[in-house]
Amino acid sequence: MNRIKPFDHIILILGTLFMCVPVLVAVMTSTHSAVDIHMNGLYLTPGDNAVGTYQTVLTRQGGFTGQVTGLTMLMNSLILGIGFAVGKIVLSMAAAYALVYFRFRFATFLFWIIFTTLLLPLEVRIMPSYQVMSSLGLLNSYTGLIVPLLASATGTFYFRQFFKSVPDELLEAARIDGAGPWKFLIDILIPLSKTMMAAIFIIMFVYGWNQYLWPMLMTTEERFFTLMRGIKQILQVWIGSQIPDYNEAFALAVLALLPPVIVVVVFQRWFIRGLTESDK
Amino acid sequence: MRDATHHPAPPGLIRRWLSRPGPAPEPAKRVQFDQPLLPWLFLAPQLAVIFVFFYWPSVQAITSSFYIEDPFGFGSTFVGIDNYKDALGSREYQRIAGFTALFTVLVTAFSLGLGLLFAVKADKVIRGRTSYRTALIAVYAIAPPVAGLMGMMLFDQHIGPFVRLAAWFGYDMKVGINYWDTAFAMILVSVWKQVPYNFIFFLSGLQSIPASVREASVIDCRNGFTRFRTAILPLLAPTAFFLLIINITYALFDTFAVIDVMVKDKPANNPMTLVYKVYNDGFRGNDIGGSAAQSVILMVIVLVLTLIQFRWLERRVHYG
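Peer 1: Residues and numbers for the interface of chain B and chain A, please.
Peer 2: Reports of interface size often rely on the accessible area that becomes lost once the parts have come together. Contacts between chain B and chain A engage 104 residues on the former and 121 residues on the latter. Around 10700 Å² of area is buried between chain B and chain A when both sides are counted, 74% of it from carbon and sulfur atoms. For B:D260, the salt bridge goes to A:K232, with nearest N and O atoms at 2.8 Å. The biggest single contributor to the side of chain B that touches chain A is helix 3 (residues 38–64) of chain B, with 21 residues. The residue inventory of the side of chain B that touches chain A, partitioned by class, reads 75 nonpolar, 14 polar and 15 charged.

And the structure:
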């Protein structure tokens, strides 16, 4: 059964090329100058313009107000990605803890209230969400950027499922030893959940970092722009220019894709487990 | 075959939450804390966020779908279901709905097919397994707008290799101007972006099939393809069905950024999907009532999809 099968490898190599060549092209082309790209097309080999291009993209004061640099956008994307992931973990862990470890009235009802949020993606209620944010005065703020994205129950369900798989004996033992709910949570449950938290952090970080529509609507002030917003910006500037800044667009794309790709590739074990695993 | 039902495919985690109609009637734990107020404290932040940013906007979408709002903000008029009639009756809406259906079918079919193909092959090979896996999942992390930007470059009038390839065949490809050229580019980029997700789930689905079942199937059937079709594929069915719903939702909603980047603010003669039209009418056209009605139509579609998933999964649980 373990013979080498050339056909399987050919398909996998083709698949790898299909998935990875566009990324390679983006990385390589970003190191050439705009004029070279305009004349010769895309590149699969490195050029010598990398330092200049990335320096420009990261530090040039761009936009109408001159307030925004690539570095600002990178920071904002990081704030959004990490803020969202941390917020999600804290909120959903607390909620799942209450749902699994407490006996109280309306528990079932509340579970349903939270569960319903899984059904409707943000995109279908985007207009009223925007109106709510604007009437709360939260446009152009990190709160407005992050908190509304937390209104979905994915994390709560991950943790709920995980807590249910934790052996009951732990709680029984802890109670015999006189531990209250806080002590049990902090000394036993949180240390037990570390792997789960890491997996959810990775998934949520990527999700937050990659947000597009919501940041686009929420932020009109350029100092709150994320990299995704910058990508829209750079394409709009193009219309009518003779030689578009291909190199800068690619450099921006590389900046936007590298952090989440690195996180997913380096932590792929945890990430895949968090995404797919059923029983533990 | 019976054995299979005892080894559900890995997406079980998500599937089970979705399929379970609420918490089991018995409490989650045999022992629980008996404190009336503390759980509310733990739940408060989550509930607050959900009420303010989920229920409030959702209710508002439903309410304002029955009104026509003055574009300058001078009040609104109740119009009953006129917004729905207008939307569903308009030729443009029907055309976009038709394109959305086609787009969804193609994106779902190709990304599921490729994901499955790569997963089956990656499951078979021994040498280079990890490298293939890494290469095939990396794109999962790339944001749709970034994928859209890269697509724009590959289909650029001056530098795009696809345009050059088409020219070599004597075809003048104009993405962003020609309707079907743009549609092709959008579909390709959307498929590319979604393949890794399907790959991950199909691969773990395959790896959870017990070795005993595989060995038995090898003994029973020597033809590799027939074996795959009759023994392995049925075991992957739950994974595939779960992914089908996820992929439809992806094609309907998550491709927004791909479309927005690729039409570059000029939706005029370019293809768009229903969710893009909600945004376009609401934010550009200032037609708040009409946009809300379209939102509600989309909500209904998502609800129906989810209910289908529940029903199907329940059946499977009972008779599987």
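That covers the picture; the talk isn't over yet.
Peer 1: Lay out the environment of B:G113 in plain terms, naming residues and giving numbers.
Peer 2: All names here are of chain B. Here G113 shows up in helix 5 (residues 91–124). Judged by its relative accessible area of 37%, G113 is partly exposed. Along the sequence, G113 and V195 sit 82 residues apart, while their C-alpha atoms lie 8.5 Å from each other.

Peer 1: Quick rundown of the pattern of salt bridges? Include the residues and the values.
Peer 2: Enumeration according to the criterion identifies 11 salt bridges over all chains in this entry. In this structure, A:E221 and A:R223 form a salt bridge, with 2.9 Å as the shortest nitrogen-oxygen distance. Among the residues examined, A:E221 registers a relative accessible area of 33% and is labelled partly exposed. Look at the salt bridges and you will find they share partners, linking B:E92, B:K277 and B:D281 into a network.

Peer 1: Describe a nonpolar patch on the surface, listing the residues and the values that go with them.
Peer 2: Residues and elements named next belong to chain A. A surface patch of nonpolar side chains, amounting to about 600 Å² of accessible area, comprises I10, I13, L14, L17, V21, L24 and L44. Relative to the helices and strands, L44 is located in the loop between helix 2 (34–40) and helix 3 (50–59). Among the residues examined, L44 registers a relative accessible area of 51% and is labelled exposed.

Peer 1: How would you summarise the packing of aromatic side chains if you had to cite specific residues and measurements?
Peer 2: If you walk through the whole model with that rule in mind, you get 39 aromatic pairs over all chains. Ring plane angle 40 degrees and centroid distance 4.9 Å describe the contact between B:Y197 and B:F201, whose orientation is recorded as tilted. Of this pair, B:Y197 and B:F201 both sit in helix 9 (residues 179–207), four residues apart, which is roughly one turn of the helix. No difference in accessibility class separates B:Y197 from B:F201, as the two residues are buried. One aromatic cluster is present, formed by A:Y97, A:Y101, A:F102, A:F159, A:F162, A:F163, A:W182, A:F184, B:F33 and B:F42 through successive ring pairs. Sitting above the plane of the B:Y140 ring, B:K193 keeps its charged end 5.6 Å from the centroid.

Parameters and conventions
Residues numbered from 1 in each chain as written. Chains lettered and ligands numbered in written order. Predicted model: local features only at pLDDT ≥ 70, side-chain atom pairs only at ≥ 80, totals over all residues. Heavy atoms only, no water. Contact = heavy atoms within 4.5 Å. Buried area = accessible area lost by both parts, 1.4 Å probe. Salt bridge = Lys/Arg side-chain N within 4 Å of Asp/Glu carboxyl O. Helix = DSSP H or I, 4+ residues; strand = E, 2+ residues; numbered from the N terminus. Nonpolar A, V, L, I, M, F, W, Y, C, P; charged D, E, K, R; others polar. Buried < 20%, exposed > 50% of the residue type's maximum accessible area, 1.4 Å probe, protein only. Patch = residues over 30% accessible without salt bridge, like charges linked within 9 Å, V, L, I, M, F, W, Y side chains within 5 Å. Areas by Shrake-Rupley, 256 points an atom, 1.4 Å probe, with all protein chains shown as cover. Phe/Tyr/Trp six-rings, centres within 6.5 Å; stacked < 30°, edge-to-face > 60°. Lys NZ or Arg CZ within 6 Å of the ring centre and 35° of its normal.

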